[in-house]
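Given next are the chains, with one letter for each unit.
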Amino acid sequence: MNDDTLSDWLGEPDPSAARDPLKAVREGGRPALPKRFYEQAGFADAGGGFRLTLDGRSANTPAKNPLTLPTRALAEAVAAEWQTQVAVIDPARMPLTRLANTAIDGVAPRREAVVADLASYAVTDLVAYRAGEPERLVAMQAAAWDPVLDWAYEALGARFILSEGVRHVDQPERSIRILEEAIAATEGPFRLAALHNMTTLTGSLLIALAVLRGRLSPEEAWEAAHVDETYQAAVWGPDEEAQARMTMRKAEFEAAALTAQYAG
């Protein structure tokens, strides 16, 4: 195996990743999954980081950058993903690796664009848009989202105006500026990629920031972000296809939260 092997099946980076750095990973077409071609996944010290190795050979990202993780803990987790592959290598079951590729190939060279994209979520954050009825859903949203808004004000000084339904509401400029500063203060491409992933998967920058800063656990955050789906399932019954999609998205979210924790 040479260093370019990974690019054959993970795909080349998409220039449109400035808008969504995960797009290249999510949409990259590929043929049949490749067979596992290595015995041992590991990592090696690499100038302040830890580079993934497969049978001792250094691995690269799809853009042929060194697949180097910033901490030993994250390197161990990524190597474990590779080690648990069986007959074939399935990127769908490797969310940590895909997010690492995103951080290196899509976020590091486009940091300003990613920060700007995240800032756009502050204007239409999920937790500011509430249902007017039924009362049960209104109460569920308040129970899940009011603590997030309280935290944003107490910890960050950002206050938000609530809207009923989908009617747009302009948020205070000071609050938007505070969140922009919070995004810009996120250190390193791995934590920024994790913040972006958590935000896009939940529709809430505030929930994602609460996870990043330790206010919410990943489980608490996921439940808070999906109050509406929980309510619908309780009323109409579960949808197996929707649940399967939700399970995959939750795995992506948990991988992002773990990346943020290990990269910090």
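Conventions we followed
Residues numbered from 1 in each chain as written. Predicted model: local features only at pLDDT ≥ 70, side-chain atom pairs only at ≥ 80, totals over all residues. Heavy atoms only, no water. Helix = DSSP H or I, 4+ residues; strand = E, 2+ residues; numbered from the N terminus. Buried < 20%, exposed > 50% of the residue type's maximum accessible area, 1.4 Å probe, protein only. Contact = heavy atoms within 4.5 Å. Areas by Shrake-Rupley, 256 points an atom, 1.4 Å probe, with all protein chains shown as cover. Expected span 1.5 Å × (residues − 1). Phe/Tyr/Trp six-rings, centres within 6.5 Å; stacked < 30°, edge-to-face > 60°. Lys NZ or Arg CZ within 6 Å of the ring centre and 35° of its normal. Pairing = 2+ DSSP bridges. Axes fitted to C-alpha atoms, helices over the stretch in contact; angles between N-to-C directions. Left-handed = near helix turned anticlockwise from the far one by under 90°. Nonpolar A, V, L, I, M, F, W, Y, C, P; charged D, E, K, R; others polar. Parallel < 35°, antiparallel > 145°, perpendicular 65-115°, else oblique.

Enquirer: Explain the overall build of the protein to me, please; I cannot follow it from the model alone.
Expert: Across its full length, the protein holds 12 helices and 6 strands. Looking at the 264 residues of the protein, the share that counts as buried comes to 48%. For the protein, contacts bridging at least 24 residues in sequence account for 67% of all contacts bridging at least 6. Split by element, the accessible area of the protein, about 13000 Å² in all, is 52% carbon and sulfur.

Enquirer: Explain helix H12 (residues 240–263) to me, please; I cannot follow it from the model alone.
Expert: In an α-helix, one turn spans 3.6 residues, which is why side chains three or four residues apart end up on the same side. For H12, which comprises 24 residues, the first-to-last C-alpha distance of 34 Å matches the rise-based estimate of 34 Å (1.5 Å per residue) to within 8%. Tucked inside the fold, the buried residues of H12 contact helix H3 (72–83), helix H4 (95–107), helix H8 (188–202), helix H9 (205–212) and helix H10 (218–225).

Enquirer: What's the story with the environment of Ala75 in this structure? I'm lost.
Expert: Residue placement: Ala75 occurs in helix H3. Placed 25 residues apart in sequence, Ala75 and Ala100 show a C-alpha to C-alpha distance of 9.9 Å. Apart from the residues within four sequence positions on either side, Ala75 is in contact with Phe43, Phe50 and Leu69.

Enquirer: Help me understand the packing of aromatic side chains, please; the structure alone is not making it clear to me.
Expert: Each aromatic ring pair is specified by the distance between its two centres and by the angle formed by the two planes. According to the stated counting rule, one finds 4 aromatic pairs in the structure shown. Relative to Phe50, the ring of Phe43 lies with its centre 5.9 Å away and its plane at 85°, an arrangement referred to as edge-to-face. In this structure Phe50 comes out as buried when scored by relative accessible area, which is 14%. Ring pairs connect the aromatic residues Phe37, Tyr38 and Trp82, which therefore count as one cluster. Positioned above the aromatic ring of Tyr153, the side-chain terminus of Arg159 is 4.1 Å from the ring centre.

Enquirer: I'm lost on helix H6 (residues 135–156) in this one. Help?
Expert: The end-to-end C-alpha distance of H6, which contains 22 residues, comes to 30 Å, matching closely the 32 Å that a straight helix rising 1.5 Å per residue would cover. Inspection of H6 places Leu137, Gln141, Ala144, Trp145, Val148, Leu149, Trp151, Ala152 and Leu156 among the buried residues, and these make up the whole buried set. Backbone geometry just downstream of H6 places Gly157 in the positive-phi region, at approximately 85°.

Enquirer: Even after reading the chapter, I still don't get the pairing of strand S1 (residues 41–46), so can you show me in this structure?
Expert: It is a general feature of regular strands that their side chains alternate between the two faces of the sheet. As judged from the 6 bridges shared by S1 and strand S2 (residues 49–54), these two strands associate in the antiparallel manner. When the bridges of S2 are listed, Ala46 appears paired with Gly49. The hairpin turn running from S1 into S2, its antiparallel successor, is 2 residues long, and Gly47 in that turn takes a positive phi close to 55°.

Enquirer: How should the packing of helix H5 (residues 111–121) against helix H7 (residues 173–184) be read in this particular structure?
Expert: To characterise two packed helices, one gives the angle between the axes of the helices and the distance between these axes. Packing of H5 against H7 leaves a shortest axis separation of 9 Å and a crossing angle of 145°. You can see that H5 and H7 cross each other, and the crossing is right-handed. Facing H5, whose interface residues are Arg111, Val115, Leu118 and Ala119, H7 presents Glu180, Ile183 and Ala184. Residues that form the contact of H5 with H7 fall into these classes: 5 nonpolar, no polar and 2 charged.

Enquirer: Explanation requested: the packing of H10 against H12 in the structure shown.
Expert: Running from N to C, H10 and H12 point in directions that differ by 135°, and their axes come no closer than 10 Å. Our classification of the angle between H10 and H12 gives oblique. As for the relative orientation of H10 and H12, their crossing is right-handed in sense. Contact residues: H10 offers Pro218, Glu219, Ala221 and Trp222, while H12 offers Met246, Arg249, Lys250, Phe253, Glu254 and Ala257.

Enquirer: How should unusual backbone geometry be read in this particular structure?
Expert: Most peptide bonds take the trans form, and the phi angle of most residues other than glycine is negative. At the junction of Glu133 and Pro134, the peptide bond is cis and its omega measures out at -10° in the coordinates. Structurally, the position occupied by Pro134 is in the loop between strand S5 (129–130) and H6. Residue Asp55 is not a glycine yet carries a positive backbone phi of 55°. Among the structural elements, Asp55 can be located in the loop between S2 and strand S3 (57–58). Here Lys64, not a glycine, exhibits a phi torsion of approximately 70°, which is positive. Mapping Lys64 onto the fold places it in the loop between S3 and strand S4 (68–69).

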